[in-house]
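What follows is the residue order along each chain.
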Protein chains: 2
Amino acid sequence: MGKKETTIYDIARQLNLSPATVSRALHDHPAINRNTKVLITQKAKEMGYRTNTFARNLRRQRTNTLGVIVPRLNSYFMSTVLAGMEKVANEAAYNLIITQSLESAQKEIANAKTLFNSRVDGLLVSLAYDTEETEHFETYVKKGIPLLFFDRVLAHKQCTSIVINNEEAAFEAVTHLIAQGCRRVAHLTGDLRRNVYAERLAGYRRALTAHGLPYDETLVRTTDLSPEAGTEAAAWLQHLAPMPDGVFVANDSCAVSCIIALKQAGVQIPEQIAFAGFNNDPVSRVVEPNLTTVHYPGQQMGEIAVKTLINHLNGKESLDATNTIILRSELIARASSCRGKSL
Amino acid sequence: MGKKETTIYDIARQLNLSPATVSRALHDHPAINRNTKVLITQKAKEMGYRTNTFARNLRRQRTNTLGVIVPRLNSYFMSTVLAGMEKVANEAAYNLIITQSLESAQKEIANAKTLFNSRVDGLLVSLAYDTEETEHFETYVKKGIPLLFFDRVLAHKQCTSIVINNEEAAFEAVTHLIAQGCRRVAHLTGDLRRNVYAERLAGYRRALTAHGLPYDETLVRTTDLSPEAGTEAAAWLQHLAPMPDGVFVANDSCAVSCIIALKQAGVQIPEQIAFAGFNNDPVSRVVEPNLTTVHYPGQQMGEIAVKTLINHLNGKESLDATNTIILRSELIARASSCRGKSL
DNA sequence: TTGAAAGCGCTAACAA
DNA sequence: TTGTTAGCGCTTTCAA
């Protein structure tokens, strides 16, 4: 591997200064002569010096690194969140170590451990599908490492969460379907151990009740919300008797594949079945008819999550008081649910 | 922050052993007594010990961390690549520090520098739109830090690249359009400084020539390939006289929005204009008619990139001999380009 | 404004 | 199989 690294000792020797002075100059210490500083900076560049982050971290007991655990990297929503996180972290000179649990609690535990050993200054988590125990986060809490959950969060904890109001968003979506004339609304959801799905179900249920419609649990189907699940759900919908006249799906990609399968089977959307999805994924604007959905501010969520965490680390803003940050979501009505002429 | 950290010294003291023995036990050193090892492992767990990665890295002069620079995190293709990278890296106990250049050469340079200072063991790069100079990678080459480009790569360099055969893929796509009867094929491309777009253009051109069609540069439009660019391109296409009867677009999301805009304007797809895109993005299977496209093995590319890099780092396989790894891509013909009855 | 010196926690060469 | 010991490169207290 190439030549030996230049250290502050090398620079110090060349300049007949002490390593301490070099260290100070390189990190804008106030008590340092302007000229000395220029001299050192120049020499450092000339010699190809680069900070040894380990030595520095070892000494300072800080890493300037944040850990991230997400269920999957390659979903539209998540990659948007990550883009926001990276942006803010980068601007604040923090590194991001990103890991994915692939929806497995076991991998989530392993990742939490690895990141813990990597001595991240803080951790950002969106939970896997099947996480039940949360022992693996206790180590962080105990060490006083700030822990921030986003999207798929943990209830009843002393850590901060960033979410949208899923219950309300679902309520609005279903209310909208009902306003369009739906009287028998089905719901495709994900694993109910996750707040996002449980809350959307609750919103669905409340909307039905609020408009005098019965809650019928045979109209609720739990799936993994994949496109394949959408296709299967299309068959399921057609076998329900009578067929529902509206469907609220907890994510867009599943909704879209469901619509496509139904159309192939000759079902009219929205005339026979009206649809509403969730996330405002790009596919929602491509499917025909365009999918009504809930806009989920992913990039913003990522930005705020990291900003909040870093502010906390810098002592600018304590997280201890903040329990939950709720971002604004928004229903976007499109053709998949609109039966009137007005839209 | 919490209590003081447990070190191997603490464990050693409690067990009346030397730190060296503890260190060995904790890292599966061969010359260690089975019982001693069990003892130490247990004690370590009991005391809540965690490896201090800095101290370890500082000593070993290795970080087990790879740096990644991508143009954007939140594109379907890129998030798929990253998912593959994370999977392999994680399995091999490597961390991934992911950064995005946001298509800016300047940010790419800054990120390269940061990652360099983070002492990554290797770097994976897909170039920004407007990168011209590549000085910022020279530091890596000089230090002997392996550098691996993927997708948007650098020509004529002594580093390894992982790509697909863009020229050939484009040739096939355009040949397919011609086989469907297109005689006046337009092309929407990206910044031609990037190999992927230059090569796709070359393939487009070769296909025309191979089938006796003239190359007309007024039919080639350079854009940023965003959905918005697709919408604008739709207007442009309609103003060309005569209107082209086929379009090859260098990415799917741009192609899809172009199709949508054309349909709104009353243009029949594929009867009046046949379309082929690139990437096999999910939207390609949602748009109507479904978009003919080139399947790009993103996940696989990410996996192979990291696997190759790690093998090199472990001395299992040298990269010095390997200049380019070419993955297989595949044309997927769908309704957007098929005029015959056969499909 | 600068310097001397200690030590962050770990690993590896050498010794026993 | 285990122990001794010397740093890896940096920051920081204390002293000058």
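If you're wondering where the values come from, they're calculated on a predicted model, not measured in any experiment.

Participant: How should the overall build of chain A be read in this particular structure?
Facilitator: Broken down by element type, chain A carries 12 helices and 12 strands. Relative to the 2.2 N^0.38 estimate, which gives 20 Å for 343 residues, the radius of gyration of chain A is 26 Å and therefore markedly larger than a compact globule would have. Principal axes of the C-alpha set define a box for chain A whose edges measure 90 × 40 × 35 Å. In chain A, once contacts between residues fewer than 6 apart in sequence are set aside, the share between residues at least 24 apart is 74%. Roughly 15100 Å² of accessible area belongs to chain A as shown, and the carbon and sulfur atoms make up 49% of that amount. For chain A, the separation between the mean place of its 38 positive charges and that of its 34 negative charges on side chains is 10 Å.

Participant: Hey, could you run me through the UniProt feature "domain: HTH lacI-type" (unreviewed entry) in chain A in this one?
Facilitator: UniProt tags residues 6–60 of chain A as "domain: HTH lacI-type" (unreviewed entry). For residues 6–60 of chain A, the helix share is 67%, the strand share is 0%, and the end-to-end C-alpha distance is 20 Å.

Participant: Looking at this structure, how should I read the protein's contact with DNA strand C?
Facilitator: The immediate surroundings of DNA strand C are formed by 26 residues, with Thr 21 of chain A together with Ser 23, Tyr 49, Arg 56 and Arg 59 of chain B found nearest. Among the atoms of DNA strand C lying within 4 Å of the protein, the sugar-phosphate backbone contributes 62%. Side-chain polar atom of Thr 36 of chain A to a phosphate oxygen of DNA strand C: 2.8 Å apart, as the coordinates give it. One of the backbone N or O atoms of Ile 8 of chain B is found 2.7 Å from a phosphate oxygen in DNA strand C. Split by residue class, the surface near DNA strand C holds 10 nonpolar, 10 polar and six charged.

Participant: Can you walk me through helix α12 (residues 298–313) of chain B in this structure?
Facilitator: It helps to recall that an α-helix has 3.6 residues per turn; residues three or four apart then point in one direction. All names here are of chain B. The terminal C-alpha atoms of α12 lie 23 Å apart, and with 16 residues this matches the ideal 22 Å at 1.5 Å per residue to within 8%. Within α12, burial applies to Gly 298, Met 301, Gly 302, Glu 303, Ala 305, Val 306, Thr 308, Leu 309, Ile 310, His 312 and Leu 313. Where the residues of α12 are buried, they touch β1 (65–70), α5 (76–91), β3 (122–125), β4 (147–150), β5 (160–164) and β11 (324–327). Just beyond α12, the residue with positive phi is Gly 315, at close to 70 degrees.

Participant: So what exactly am I meant to see when it comes to the packing of aromatic side chains here?
Facilitator: We describe a pair of aromatic rings using the distance from one ring centre to the other and the angle between the two ring planes. Residue and element names in this part refer to chain A. Going through the model one piece at a time under the given rule, you end up with 12 aromatic pairs over all chains. Considering the side-chain rings of Phe 116 and Tyr 140, the 5.1 Å spacing of their centres and the 70 degrees angle between planes classify their relative orientation as edge-to-face. On the criterion of sequence distance, the pair formed by Phe 116 in helix α6 (residues 105–117) and Tyr 140 in helix α7 (residues 135–143) is long-range, its members being 24 residues apart. For the ring pair Phe 248 and Phe 278, a centre distance of 6.3 Å and an interplane angle of 55 degrees mean the geometry is tilted. With Phe 248 in strand β8 (residues 246–249) and Phe 278 in the loop between β9 (274–276) and β10 (293–295), the pair connects residues that are 30 residues apart, well separated along the chain. Summarising the burial analysis for this pair, Phe 248 and Phe 278 share the class buried. In this arrangement the basic side chain of Arg 205 is found over the ring face of Tyr 215, its NZ or CZ atom lying 3.9 Å from the centre.

Participant: Got a minute to help me understand the sheet that holds β9 of chain A in this structure?
Facilitator: Where strands meet in a sheet, backbone hydrogen bonds hold them as pairs that are either parallel or antiparallel. Residues and elements named next belong to chain A. Strand order in the open sheet formed by four strands is β7-β6-β8-β9, with parallel pairing between adjacent strands. Of all the strands in the sheet, just β7 (220–222) and β9 have a single pairing partner and so form its edges. Between one strand axis and the next, the sheet turns through 15 degrees on average, direction left out of account. Where strand β6 (residues 185–189) lies against β8, four bridges are found, and the strand directions are parallel. Bridge pairing in β8 links Leu 188 to Val 249. With respect to the sheet, helix α9 (residues 195–210) is in contact with β6, β7 and β8, its orientation differing from that of β6 by roughly 175 degrees.

Participant: Just to check I follow, could you spell out the relation of the copies chain B and chain A for this structure?
Facilitator: These two copies of the chain differ by a rotation about an axis and a displacement along the same axis. Overlaying chain B with chain A gives an RMSD of 0.2 Å, the required rotation being 180 degrees about an axis along which the chain moves by 0.1 Å. A rotation of that kind, with that shift, is consistent with a two-fold axis. When the interface residues of chain B are mapped onto chain A, 100% of them again fall at the interface, so both copies present the same face.

Participant: Hey, could you run me through the nonpolar core in this one?
Facilitator: Proteins that are soluble and globular tend to have nonpolar side chains buried together. Counting residues in each nonpolar core, the largest one holds 162 residues, and the members touching the most others are Met 85, Leu 124 and Phe 275 of chain A together with Met 85, Leu 124 and Phe 275 of chain B. If we ignore the near neighbours within four places in the chain, the residues touching Leu 124 of chain A are Leu 66, Gly 67, Val 68, Ile 69, Met 85, Leu 148, Phe 150, Ala 305, Val 306 and Leu 309 of chain A. Of all hydrophobic cores here, the second largest spans 36 residues; its members include Leu 123, Val 125, Leu 154 and Val 163 of chain A.

Participant: So what exactly am I meant to see when it comes to the side chain of Glu 103 of chain A here?
Facilitator: Residues and elements named next belong to chain A. By the element assignment, Glu 103 lies in the loop between β2 (95–100) and α6. When its relative accessible area of 19% is taken as the criterion, Glu 103 is described as buried. Engagement of the side chain of Glu 103 in a polar contact is seen with the backbone nitrogen of Tyr 129, the distance being 2.8 Å. Every residue in contact with Glu 103, bar those within four places of it in the chain, is listed here: Pro 71, Arg 72, Ala 128, Tyr 129, Asp 130 and Arg 152.

Participant: Quick question: what am I supposed to make of the environment of Ala 112 of chain A here?
Facilitator: Residue and element names in this part refer to chain A. In this structure, Ala 112 sits in helix α6. A C-alpha to C-alpha distance of 17 Å links Ala 112 and Ser 161, two positions 49 residues apart in sequence. Excluding anything up to four places from it in sequence, Ala 112 contacts Ile 69, His 136, Phe 137 and Tyr 140.

Participant: Whenever I open this one, the protein's contact with DNA strand D confuses me. Can you help?
Facilitator: In the region of DNA strand D, 27 residues are neighbours, and Tyr 49, Arg 56 and Arg 59 of chain A together with Thr 21 and Arg 24 of chain B sit closest. What you see for DNA strand D is that sugar and phosphate hold 59% of its atoms within 4 Å of the protein. The contact in question runs from a phosphate oxygen of DNA strand D to an N or O atom on the side chain of Ser 23 of chain A, over 2.5 Å. When contributions to the surface near DNA strand D are tallied by element, the ones reaching two or more residues are α1 (8–15), α2 (19–26) and α4 (53–60) of chain A together with α2 (19–26) and α4 (53–60) of chain B. For the surface near DNA strand D, the residue count by class is 11 nonpolar, 10 polar and six charged.

Participant: Is there a simple way to explain the pairing of strand β6 (residues 185–189) of chain B in this structure?
Facilitator: The side chains of a regular strand alternate, first on one face of the sheet and then on the other. Residue and element names in this part refer to chain B. Across the five residues of β6, five count as buried, placing the element largely inside the fold. Burial of the side chains of β6 extends over both faces: Val 185, His 187 and Thr 189 are buried on one face and Ala 186 and Leu 188 on the other. Strand direction decides the pairing type here: β6 and strand β7 (residues 220–222), joined by three bridges, are parallel. Bridge pairing in β7 links His 187 to Val 220.

Participant: Looking at this structure, how should I read the pattern of salt bridges?
Facilitator: Side-chain pairs of opposite charge can arise whenever the charged atoms involved come near each other. All names here are of chain B. According to the stated counting rule, one finds 27 salt bridges over all chains in the structure shown. Residue Asp 28 is joined to Lys 37 by a salt bridge in which the shortest nitrogen-to-oxygen separation is 2.6 Å. In this structure, the salt-bridge partner of Glu 168 is Arg 206, at a minimum N-O distance of 3.0 Å. Taken as a pair, Glu 168 in helix α8 (residues 166–179) and Arg 206 in helix α9 (residues 195–210) lie far apart in primary sequence, 38 residues in all.

Participant: Any chance you could explain the packing of α2 of chain B against helix α3 (residues 34–46) of chain B here in plain terms?
Facilitator: Two quantities define a packed helix pair, namely the angle between the helix axes and the distance between the axes. Residue and element names in this part refer to chain B. Two elements in contact, α2 and α3, have axes separated by 9 Å at closest approach and are oriented at 90 degrees. With respect to each other, α2 and α3 are oriented roughly perpendicular. Contacts from Thr 21, Val 22, Ala 25 and Leu 26 of α2 reach α3 at Thr 36, Lys 37, Ile 40 and Ala 44. A class-by-class count of the residues in the contact of α2 with α3 yields five nonpolar, two polar and one charged.

Rules used in this analysis
Residues numbered from 1 in each chain as written. Chains lettered and ligands numbered in written order. Predicted model: local features only at pLDDT ≥ 70, side-chain atom pairs only at ≥ 80, totals over all residues. Heavy atoms only, no water. Helix = DSSP H or I, 4+ residues; strand = E, 2+ residues; numbered from the N terminus. Rg over C-alpha atoms; globule rule 2.2 N^0.38 Å. Contact = heavy atoms within 4.5 Å. Areas by Shrake-Rupley, 256 points an atom, 1.4 Å probe, with all protein chains shown as cover. Lys, Arg positive; Asp, Glu negative; His and termini not counted. Charge placed at Lys NZ, Arg CZ, Asp CG, Glu CD. UniProt positions renumbered as here; feature names shortened; annotations may be inferred. Near = heavy atom within 4 Å. Polar contact = N/O pair within 3.5 Å; in protein donor to acceptor, adjacent residues only side chain to side chain. Nonpolar A, V, L, I, M, F, W, Y, C, P; charged D, E, K, R; others polar. Expected span 1.5 Å × (residues − 1). Buried < 20%, exposed > 50% of the residue type's maximum accessible area, 1.4 Å probe, protein only. Phe/Tyr/Trp six-rings, centres within 6.5 Å; stacked < 30°, edge-to-face > 60°. Lys NZ or Arg CZ within 6 Å of the ring centre and 35° of its normal. Pairing = 2+ DSSP bridges. Axes fitted to C-alpha atoms, helices over the stretch in contact; angles between N-to-C directions. Least-squares fit on C-alpha atoms with pLDDT ≥ 70 in both. Core = buried A, V, L, I, M, F, W, Y, C linked by side-chain atoms within 4.5 Å. Salt bridge = Lys/Arg side-chain N within 4 Å of Asp/Glu carboxyl O. Parallel < 35°, antiparallel > 145°, perpendicular 65-115°, else oblique.

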